[in-house]
Protein chains: 4
Amino acid sequence: MIVVMKNGCTQQQMNAAIRIMEEGGVKVMVSRGSENTVLGAEGNAANIDRERLSLLPGVERVMRVSEPYKLANRKYHPDDTVIDLPGGASVGGGRLAVFAGPCSVESREQIVGVARAVQAAGACALRGGAFKPRTSPYAFQGMGTDGIRLLCEARAETGLPVVSEILSTEDLDLFEEHVDIIQVGARNMQNFDLLKHLGRVSKPILLKRGLSSTIEEWLMSAEYILAAGNPRVILCERGIRTFETYTRNTLDLSAVLAVKRQSHLPVLVDPSHACGHAWMVERMALAAAAAGADGLIVEVHNDPANALCDGQQSLTPEQFAALMAKLRPLAACVGKAV
Amino acid sequence: MIVVMKNGCTQQQMNAAIRIMEEGGVKVMVSRGSENTVLGAEGNAANIDRERLSLLPGVERVMRVSEPYKLANRKYHPDDTVIDLPGGASVGGGRLAVFAGPCSVESREQIVGVARAVQAAGACALRGGAFKPRTSPYAFQGMGTDGIRLLCEARAETGLPVVSEILSTEDLDLFEEHVDIIQVGARNMQNFDLLKHLGRVSKPILLKRGLSSTIEEWLMSAEYILAAGNPRVILCERGIRTFETYTRNTLDLSAVLAVKRQSHLPVLVDPSHACGHAWMVERMALAAAAAGADGLIVEVHNDPANALCDGQQSLTPEQFAALMAKLRPLAACVGKAV
Amino acid sequence: MIVVMKNGCTQQQMNAAIRIMEEGGVKVMVSRGSENTVLGAEGNAANIDRERLSLLPGVERVMRVSEPYKLANRKYHPDDTVIDLPGGASVGGGRLAVFAGPCSVESREQIVGVARAVQAAGACALRGGAFKPRTSPYAFQGMGTDGIRLLCEARAETGLPVVSEILSTEDLDLFEEHVDIIQVGARNMQNFDLLKHLGRVSKPILLKRGLSSTIEEWLMSAEYILAAGNPRVILCERGIRTFETYTRNTLDLSAVLAVKRQSHLPVLVDPSHACGHAWMVERMALAAAAAGADGLIVEVHNDPANALCDGQQSLTPEQFAALMAKLRPLAACVGKAV
Amino acid sequence: MIVVMKNGCTQQQMNAAIRIMEEGGVKVMVSRGSENTVLGAEGNAANIDRERLSLLPGVERVMRVSEPYKLANRKYHPDDTVIDLPGGASVGGGRLAVFAGPCSVESREQIVGVARAVQAAGACALRGGAFKPRTSPYAFQGMGTDGIRLLCEARAETGLPVVSEILSTEDLDLFEEHVDIIQVGARNMQNFDLLKHLGRVSKPILLKRGLSSTIEEWLMSAEYILAAGNPRVILCERGIRTFETYTRNTLDLSAVLAVKRQSHLPVLVDPSHACGHAWMVERMALAAAAAGADGLIVEVHNDPANALCDGQQSLTPEQFAALMAKLRPLAACVGKAV
């Protein structure tokens, strides 16, 4: 930690700052610059009261030098985390994991049909929403518990593990019993109550990045889950909100690289929600693989034109199979097997 | 609703689009432009399947003409909503309501002391966090139920109604019993599960704008509460996330005007969280009043330098009293009484 | 300047960094933290090669402690800059300067009529575009030299100094001869060639903030003009680009406070371009005054419905007079005279 | 064009709107919705005065249906534009063009050395800045005319065409005589005076996207050049400004897809400026190729640690050769030859 004193601060003001730092258990080094004097902490600065320091008269700024996330930090866990899924697949390491399925579960025929199609094309997990976070209270909110039951039937038919989004802590038991990977959507990335609860379940958590969350905030949300005891967190970049309106969101592929440098957790990319246009999905999926993502999550619907949700961004099973065929040789170019 | 057909679409494609629109219960008017043919819906377009339409071959775009929020919409409720608070104050209409208090409840002495001070200066409600949404799992998370109990004691001493943020549906009974205005924080603005539950409580809801939420999304979140049966929603602008890092967020005062034009709900402004610097709060509070906000919510702490949370942005009781003294004549200039 | 070394860096790597810092003329203080060792510069760090330092093996980050702008920095020029205008008005200090006029000069009748009207209402300068930066090459590009000539006629009739935007260095002589305050538009804020030329003219420069420029970048653009020899720079906040589309841009009033704290230069606010809706202008103008702006620049057109440019955001002369009537008592509340 | 009338507008107001539309040369179709009546233009709406319309009493909104760019629009020019470069290379079509070289020209040895290295690795053009747009007036501003001369020497040695950024219309003759591709930097994307001049030169123009420019604004800037008579415009995505600060900018690869759908112009990607970190460049370059970019522009410096500009984001010649070796098979996967 670094404390920058104001130009012209008094010795007393400096002493007060030094005292707080020393109370936090560090030794303080003083550097006098031409404009500002700087106090550097020697030792572990975690226990210093930053806010109190920053409010002292004479203090201009308190700058953090180390990252606030510990369990998610690659510094302390240099090896990639690999998360095994039921059915033999895994996320992280040398493979490119592809999750696919419809935005919403709509019927047994639909979800079993899509499950078979995406499995045939090479997907290793089936996604499907049963509880849907919709901007409008008047929009279709998902099939709920019935949707979870249908996902289980699709799993029974195909063996594919299932991924579904949780919206409420009231559904924790339902999800822990029936869902293989529990998804936290972008809108709930900082629903800390939900994150704490998910830190106590036995299933992997797919944590989507919030629409305007920084990489540090995203990793801090992962830290909530890790700190509460669940080490199996999969991150998912799904586009951020920017001024550009051509796409639904702006897919931030450099975030994949940044997160993989800072953290050992695996990172998927969701090109469907990022772009919002089915015609963009194949290209952005290939780009994500080239950038080094550990996997993809792709919306696939048997009949996009009649989907109850997000049809515009869904691939047909045929388009998904075509994507997978292109993905294999491309992933091989960057050392990944699909 | 307007459907823009692609340049060169066939008559069959146009007929398919017209059929879906007519199935939705409207009459369709066709306008042939030099580049695009446009289909206009005559009648109530609410039941037309927009997604299905937008996926038809030959359709370029489907454009909405009317707002998706109904209960929150000023079109259908031209008069300002005024929300009465216990103790005789109200939010909305011709008065400027000022809520004040510490970021976190820390002790009986602190909260009662601050309550007395802000009451003396003219605040009409006491804010205080008992459950705190913190970016880090290692940061102080609030006093919890004990904090709510202390807020009640401060209310008993002063008569001020209390405002506090809810994080979990598990705490709904606690809040409904003890808290006068239940706050939904920016990070939970699209926690739809929480919003639905809050639509069924008997207390006013203070709904903060999400960090990157559009005005329409914000009003749609209010619509969730209204549609579930609770008509008493107070909106609060608290800064949006932009590229600028000098301030914690960017206070969007034009959003106050936009929301008040589109909706009948009252709008407060939180200059403390928006700016993140105590020295900016007075000026931005005055600006918010000049812009036409229905009130303010201001962080006040008896000892900011030792606050457990957000000390940098807290006013001292003296600074708050000075703000109130400046606010009265300024609010009078725009026709408001404090 | 602070150099953060990587966890586990070698003594040799540290020595290499220290050597570069010492070559830059400073003494180096070493602080060993629990995770990172930090090198602090003692003395003037301006001549240290930051990029070279940041690329050394073992270096994690180089952090600047002092601001890069010098002539624009309040640290070295604590007193507010006040800029006198022809006709007796001034910008900065205790007065609120109001510039008003049409987006574009369109005819003698129009510009003289508007000039008389805004003068009668209390404006101290006449704005009017002769060279217009338009997104489309097919849109009206302004009257050019004829527009400048008409501005001169309006000045001759009223005595008001005139403000107009320059787009090309080819027009420097024309502007220096005829225009009283030369405006640099948002799109040219980092047209460094133009800024350098304007640093050599004898007229005050009105420097608008770029659509996505940080406060530091804005002040660095002012620094270009100041460093080239022209001390008379007036800054103008005119809205930044964010995700919100309800308004044309998002007016960032906290930027006014930030700039006035960091710099001695006066700051105006342009509510017309920020909001893009005439109905918002009055309220946002009042808010800007309350926030502490040194002045306003407001679009006024005699016939907005037939304006050749930006009619939607223009006030009529009557609306402008009403704004001025409200502005006077409100400005008095914050210690300013209009 | 679509005109949405306000709820409750009068027949007279509607007639006024219809009259303006008819004056613009179109036939008007009226669609009465349950909330709003809509007027649709039948015929070419280009000559309708949109601003005047939008200001009429009773008019809620005027919505554009067709794109404002014509010469840049793929609708009217369905085939990809391919731009031939001296030396036999070309941009657009089935090849992936790679431009490489240092941020700044610094010496004969440096530029000739880098030119030879990037040519050996497969680059088809040499980039090098002679006039540098720097945020600070105190930073190195480039070698100017001497830099252009050294670029010419590097071209003479290698045969590679040279790309360099122009900052001032005063340098037009110099650039037209000596530079093969004239670059417009992000900060000058809406320097319309410069764009108009570049529409009259005989060299291809590399037009970088502005930091916060929408896709439509970018294409409108291209339209300025095209409309002034120069059909050879190459677009370049180089990252946009968002709230994320980990990277210098956020590379928006979906913009490449969007632009290629809307326009026939070729699109390059600059991963160096977008990311600002050399370690990210290889991966983002591969991602750009996978996304379908027509080429790359990559910063390469013989000695990044001692570069006068942007060393942090420059590859060494060895790193660039490694990138090219990975790029060839990956580009082949998406049907492109390097």
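Residues numbered from 1 in each chain as written. Chains lettered and ligands numbered in written order. Predicted model: local features only at pLDDT ≥ 70, side-chain atom pairs only at ≥ 80, totals over all residues. Heavy atoms only, no water.

A. View of the overall build of chain A. Within chain A, the secondary structure is distributed over eleven helices and 14 strands. Dimensions of chain A, computed from the C-alpha atoms along their principal axes, are close to 75 × 45 × 40 Å. Within chain A, buried positions represent 66% of all 338 residues. Taking the contacts inside chain A whose residues are at least 6 apart along the sequence as the reference set, 67% of them involve residues at least 24 apart. Accessible area for chain A stands at about 10,600 Å²; split by element, carbon and sulfur atoms hold 48% of it. Averaging the locations of the 35 positively and 37 negatively charged side chains of chain A gives two centres separated by 4 Å. (Helix = DSSP H or I, 4+ residues; strand = E, 2+ residues; numbered from the N terminus. Buried < 20%, exposed > 50% of the residue type's maximum accessible area, 1.4 Å probe, protein only. Contact = heavy atoms within 4.5 Å. Areas by Shrake-Rupley, 256 points an atom, 1.4 Å probe, with all protein chains shown as cover. Lys, Arg positive; Asp, Glu negative; His and termini not counted. Charge placed at Lys NZ, Arg CZ, Asp CG, Glu CD.)

B. Region of interest: the interface of chain D and chain A. The interface of chain D with chain A comprises 37 residues on the first partner and 37 residues on the second. Between chain D and chain A the total buried area reaches about 3,000 Å² when both faces are included, carbon and sulfur atoms providing 71% of it. A salt bridge links Arg209 of chain A to Glu244 of chain D, with the shortest nitrogen-to-oxygen separation between them at 2.9 Å. At the boundary of chain D and chain A, one finds eight residue pairs in polar contact (both at pLDDT 80 or more). Elements with a minimum of two residues in the side of chain D that touches chain A: helix H8 (253–262), helix H10 (278–291) and helix H11 (317–333) of chain D. Of the residues forming the side of chain D that touches chain A, the biggest block, nine residues, is contributed by H10 of chain D. Residue composition of the side of chain D that touches chain A, grouped by class: 22 nonpolar, nine polar and six charged. (Buried area = accessible area lost by both parts, 1.4 Å probe. Salt bridge = Lys/Arg side-chain N within 4 Å of Asp/Glu carboxyl O. Polar contact = N/O pair within 3.5 Å; in protein donor to acceptor, adjacent residues only side chain to side chain. Nonpolar A, V, L, I, M, F, W, Y, C, P; charged D, E, K, R; others polar.)

C. Examining the relation of the copies chain D and chain A more closely. Superposition of chain D onto chain A requires a rotation of 180° combined with a translation of 0.0 Å along the rotation axis, giving an RMSD of 0.0 Å. With respect to symmetry, the two chain copies, as superposed, fit the operation of a two-fold axis. No C-alpha of chain D lies nearer the rotation axis than that of Ala287 of chain D, which sits 2.1 Å from it. (Least-squares fit on C-alpha atoms with pLDDT ≥ 70 in both.)

D. Broad picture of the pattern of salt bridges. Residues and elements named next belong to chain D. Counting across every chain of the model gives 72 salt bridges over all chains. Glu157 serves as the salt-bridge partner of Arg108, at 3.1 Å between the closest nitrogen and oxygen. Here the residue Arg108 occupies a position in helix H3 (residues 108–121), and Glu157 occupies one in helix H4 (residues 145–158), the gap between them amounting to 49 residues. Across the pair Asp180 and Arg155 runs a salt bridge, and its minimum N-O distance is 2.7 Å. Here the residue Asp180 occupies a position in the loop between helix H5 (172–178) and strand S10 (181–184), and Arg155 occupies one in helix H4, the gap between them amounting to 25 residues. Given the relative accessible area of 9%, Asp180 is considered buried. We classify Arg155 as partly exposed; its relative accessible area is 21%.

E. Focus on the sheet that holds strand S11 (residues 205–208) of chain B. Residue and element names in this part refer to chain B. Here we have eight strands rolled up into a closed barrel, ordered S7-S8-S9-S10-S11-S12-S13-S14, and parallel in their pairing. If you compare each strand with its neighbour and ignore which way they point, the axes differ by 25° on average. The strands touched by helix H8 (residues 253–262) are strand S12 (233–237) and strand S13 (267–269); relative to S13, the strand with the most contacts, the crossing angle is about 175°. Running over the sheet, helix H11 (residues 317–333) touches strand S7 (97–101) and strand S14 (295–299) and is turned about 175° from S7. (Pairing = 2+ DSSP bridges. Axes fitted to C-alpha atoms, helices over the stretch in contact; angles between N-to-C directions.)

F. The state of the cysteines, seen in detail. All chains considered together, the criterion is met by zero disulfides over all chains. With no disulfide of its own, Cys275 of chain D lies 12 Å from the sulfur of Cys236 of chain D, the closest cysteine sulfur. (Disulfide = S-S within 2.5 Å.)

G. Representation of helix H4 (residues 145–158) of chain B in the model. Residues and elements named next belong to chain B. Along its 14 residues, H4 runs 20 Å from first to last C-alpha, staying within 8% of the 20 Å computed at 1.5 Å per residue. Of the positions making up H4, those classed as buried are Gly147, Ile148, Leu150, Leu151, Cys152, Ala154 and Thr158. Contacts from the buried residues of H4 go to helix H3 (108–121), strand S8 (125–127), strand S9 (162–165) and helix H5 (172–178). Looking one or two places after H4, you find Gly159, whose phi comes out positive at around 80°. (Expected span 1.5 Å × (residues − 1).)

H. Representation of the interface of chain C and chain B. Chain C puts 37 residues into the contact, and the matching count from chain B is 37 residues. Overall, the association of chain C and chain B removes approximately 3,000 Å² of surface from exposure, summing both partners, and the carbon and sulfur fraction of that is 72%. Inspection of the region where chain C meets chain B yields two salt bridges. Counting across the interface, chain C meets chain B through eight residue pairs in polar contact (both at pLDDT 80 or more). Within the residue set of the side of chain C that touches chain B, elements represented by two or more residues are helix H8 (253–262), helix H10 (278–291) and helix H11 (317–333) of chain C.

I. Structural context of the relation of the copies chain C and chain B. Mapping chain C onto chain B calls for a screw motion: a turn of 180° about the axis and a shift of 0.0 Å along it, with 0.0 Å RMSD after fitting. Comparing interface residues between copies, 100% of those in chain C also lie at the interface in chain B; the contact surface is shared.

J. The sheet that holds strand S1 (residues 2–5) of chain A, seen in detail. All names here are of chain A. Pairing within the open sheet is antiparallel, and its four strands lie in the order S2-S3-S1-S4. The strands lining the two open edges of the sheet, one partner per strand, are strand S2 (27–32) and strand S4 (59–63). The mean angle between the axes of side-by-side strands here comes to 20°, regardless of whether they run parallel or antiparallel. Relative to strand S3 (residues 37–42), S2 runs antiparallel, the two sharing six bridges. From the neighbouring strand, Met29 faces S3, where its bridge partner is Gly40.

K. Structural detail: the packing of aromatic side chains. Enumeration according to the criterion identifies eight aromatic pairs over all chains in this entry. Arranged with centres 4.6 Å apart and planes meeting at 25°, the rings of Phe192 of chain A and Tyr224 of chain A form a pair that is stacked. Of this pair, Phe192 of chain A sits in helix H6 (residues 192–198) while Tyr224 of chain A sits in helix H7 (residues 215–227), and the two are 32 residues apart along the sequence. Lying over the aromatic face of Trp279 of chain C, Arg261 of chain B brings its terminal NZ or CZ to 4.0 Å of the ring centre. (Phe/Tyr/Trp six-rings, centres within 6.5 Å; stacked < 30°, edge-to-face > 60°. Lys NZ or Arg CZ within 6 Å of the ring centre and 35° of its normal.)

L. Just the packing of helix H10 (residues 278–291) of chain B against H10 of chain C, in detail. Between H10 of chain B and H10 of chain C, the shortest axis-to-axis distance is 7 Å and the interhelical angle comes to 160°. Taken together, the axis directions place H10 of chain B and H10 of chain C in an arrangement best described as roughly antiparallel. Relative to H10 of chain C, the crossing made by H10 of chain B is right-handed. Contact residues: Arg283, Met284, Leu286, Ala287, Ala289, Ala290 and Ala291 of chain B in H10 of chain B; Arg283, Met284, Leu286, Ala287, Ala289, Ala290 and Ala291 of chain C in H10 of chain C. In the contact of H10 of chain B with H10 of chain C, the residues fall into twelve nonpolar, no polar and two charged. (Parallel < 35°, antiparallel > 145°, perpendicular 65-115°, else oblique. Left-handed = near helix turned anticlockwise from the far one by under 90°.)

M. Looking closely at the confidence of the model for chain A. Residues of chain A with pLDDT of at least 70 account for 100%, and the chain-wide mean is 93. Interface scoring of the predicted complex returns ipTM 0.92; its pTM is 0.93. (pLDDT = per-residue confidence, 0-100.)

N. Spatial organisation of the side chain of Asn249 of chain B. Counting through the fold element by element, Asn249 of chain B comes out in the loop between S12 and H8. Side-chain polar atoms of Asn249 of chain B contact the backbone oxygen of His273 of chain B, separated by 3.2 Å.

O. Examining the side chain of Asp171 of chain B more closely. When you line up the elements, Asp171 of chain B lands in the loop between S9 and H5. Excluding residues within four positions of it along the chain, Asp171 of chain B makes contact with Phe131 and Ile166 of chain B.

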